[in-house]
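Overview (structure and organization)
Residue-level listing of the chains:
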Amino acid sequence: MIKHAEFIKSITDIKDAPDTNLPEIVLVGRSNVGKSSFINGIANRKSIARVSATPGKTITLNYYMMDNSFYLVDAPGYGYARRSKSLQQTFIQMLLAYLELSPNLKKVFQFIDFKVGPTEDDLEMYDALLEGGFDVSVIVTKKDKVKSSLRSKHEKMIKDKMNQPEKIFITSSQTKDGYDKVYQEMILTLE
Ligand code: GDP
């Protein structure tokens, strides 16, 4: 697991990205999906991840360096107070434009709430990422919030709605279920 984690900086212009050429994994998801909890959990820190700001007209990317060897990059949460469809699409396009400009971007983790399942916003984002040719893994959060007897049903529902994602990890920041596998997936990115 990760031994050292450090918040590096927040940027609003991709030209201010760290110039270290380390590989980057970008995290995208709705506000409240559990991205901060995931960063803190995987980094074994109580509160390295800042609370993401309400998305506005700019996109802020927060860079966290892990084990001096790669970055987790937190992108702003979408669908906070449900925006109009056109605003949501503008947001997705802005985010994709950033991602396309990131020379060190290796992978995108798209976060989905296990209990809520993929929302319309989530599916729009996911489709746009796949269309953009990004390597996307799905991180499902809050496994502990669903009764164990209902978990396989939720899992199937999510996989069906997302058209059977190639890589999907069911996790909980409370129990750290699934974190080992996500860590392995991160390590694959470095190879
Ligand atoms: P973010 O907006 O995506 O960064 O979401 P946060 O990490 O701030 O989480 C939003 C809320 O969900 C907080 O109240 C967290 O405590 C809660 N949460 C996040 N992950 C989990 C989880 O795995 N299990 C449970 N039970 N709650 C979680």
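Residues numbered from 1 in each chain as written. Predicted model: local features only at pLDDT ≥ 70, side-chain atom pairs only at ≥ 80, totals over all residues.

Short version of the rule: UniProt positions are given in the numbering used here, feature names are shortened, and annotations may be inferred rather than shown by experiment.
Looking at an unreviewed UniProt entry, one finds the protein named Probable GTP-binding protein EngB and attributed to Alteracholeplasma palmae. For the protein, the Cofactor (unreviewed entry) comment in UniProt is given as "Mg(2+)". Recorded in UniProt under Sequence similarities (unreviewed entry), the annotation for the protein is "Belongs to the TRAFAC class TrmE-Era-EngA-EngB-Septin-like GTPase superfamily. EngB GTPase family."

**Topic: helix α1 (residues 35–42)**
Selection criterion: Put plainly, a residue is buried at 20 or more neighbouring C-beta atoms within 10 Å of its own, exposed at 12 or fewer, and partly exposed in between, counting only other residues' C-beta atoms, which are placed from the backbone. Under the scheme used here, helices are H or I runs from DSSP no shorter than 4 residues and strands are E runs no shorter than 2 residues, and both carry numbers assigned from the N terminus. We call two residues in contact whenever the C-beta atoms placed from their backbones are within 7 Å.
For α1, the buried fraction is high: six of the eight residues fall into the buried class. Buried residues of α1: Lys-35, Ser-36, Phe-38, Ile-39, Gly-41 and Ile-42, and no others. In this structure, the buried side of α1 is in contact with β2 (24–28), β3 (61–66), β4 (70–74), β5 (105–113), β6 (136–141) and α5 (179–190). Among the residues trailing α1, Asn-44 stands out with phi positive, at a value near 55 degrees.

**A word on the site of the ligand**
Rule in force here: For each residue, a C-beta position is placed from the backbone atoms; the residue is near a molecule or strand when that point lies within 6 Å of it. For this classification, the nonpolar set comprises Ala, Val, Leu, Ile, Met, Phe, Trp, Tyr, Cys and Pro, the charged set comprises Asp, Glu, Lys and Arg, and every other residue, Gly included, is treated as polar.
Looking at the ligand, there are 17 residues lining it, with Gly-34, Lys-35, Ser-36, Ser-37 and Ser-173 nearest. Among the elements that make up the shell around the ligand, the one with the highest residue count is α1 (three residues). Split into classes, the residues belonging to the shell around the ligand amount to one nonpolar, 12 polar and four charged.

**Describing the environment of Val-182**
Relative to the helices and strands, Val-182 resides in helix α5. On the neighbour-count criterion, Val-182 (20 C-beta atoms within 10 Å) is buried. For the pair Val-182 and Ile-139, spaced 43 residues apart in sequence, the C-alpha to C-alpha distance is 8.0 Å. Not counting residues up to four positions away in its chain, the partners in contact with Val-182 are Ile-42, Ile-139, Phe-169 and Thr-171.

**Quick look at the pairing of β5**
Selection criterion: For two strands to be treated as a pair, DSSP must find at least two bridges joining them. For a crossover, the right-handed case is the one in which the path from the first strand over the helix to the second runs clockwise, viewed with the strands pointing away from the viewer.
Strand direction decides the pairing type here: β2 and β5, joined by five bridges, are parallel. Directly across from Glu-24, in β5, lies its bridge partner Leu-105. Note: β5 against β6, six bridges, orientation parallel. Residue pairing for β6: Val-108 is matched across the bridge by Val-136. In this region the chain leaves β5, passes through helix α3 (residues 120–131) and returns to the parallel neighbour β6; the handedness of that crossover is right-handed.

**Quick look at the environment of Phe-114**
Mapped onto the elements of the fold, Phe-114 is located in the loop between β5 and α3. Note: C-alpha distance between Phe-114 and Lys-159 (45 residues apart in sequence) is 11 Å. Ignoring sequence-local partners within four residues, the contact set of Phe-114 consists of Val-140, Thr-141, Lys-142, Lys-143, Lys-145, Val-146, His-154 and Ile-170.

**Notes on the packing of helix α2 (residues 85–101) against α3**
What counts here: Axis angles are defined between N-to-C directions and span 0 to 180 degrees, where every axis is a line fitted to C-alpha atoms and, for a helix, only to the segment in contact. Helix crossings get a hand from a simple test, with the near helix turned counterclockwise from the far one by less than a right angle marking a left-handed crossing and a clockwise turn marking a right-handed one.
Running from N to C, α2 and α3 point in directions that differ by 35 degrees, and their axes come no closer than 11 Å. Between α2 and α3 lies a crossing of right-handed hand. Counting all contacts with α2, which are made through Gln-88, Ile-92 and Leu-96, the residues of α3 involved are Asp-121, Glu-124, Met-125 and Ala-128. Among the residues making up the contact of α2 with α3, the classes are represented as four nonpolar, one polar and two charged.

**Let's talk about unusual backbone geometry**
When glycine is set aside, most residues are seen to have a negative phi, and most peptide bonds are trans. The backbone of Asn-32 shows a phi angle near 80 degrees, a positive value even though the residue is not glycine. Considering the arrangement of structural elements, one finds Asn-32 in the loop between β2 and α1. Judged by local crowding, Asn-32 falls into the partly exposed class, with 16 C-beta atoms found within 10 Å.

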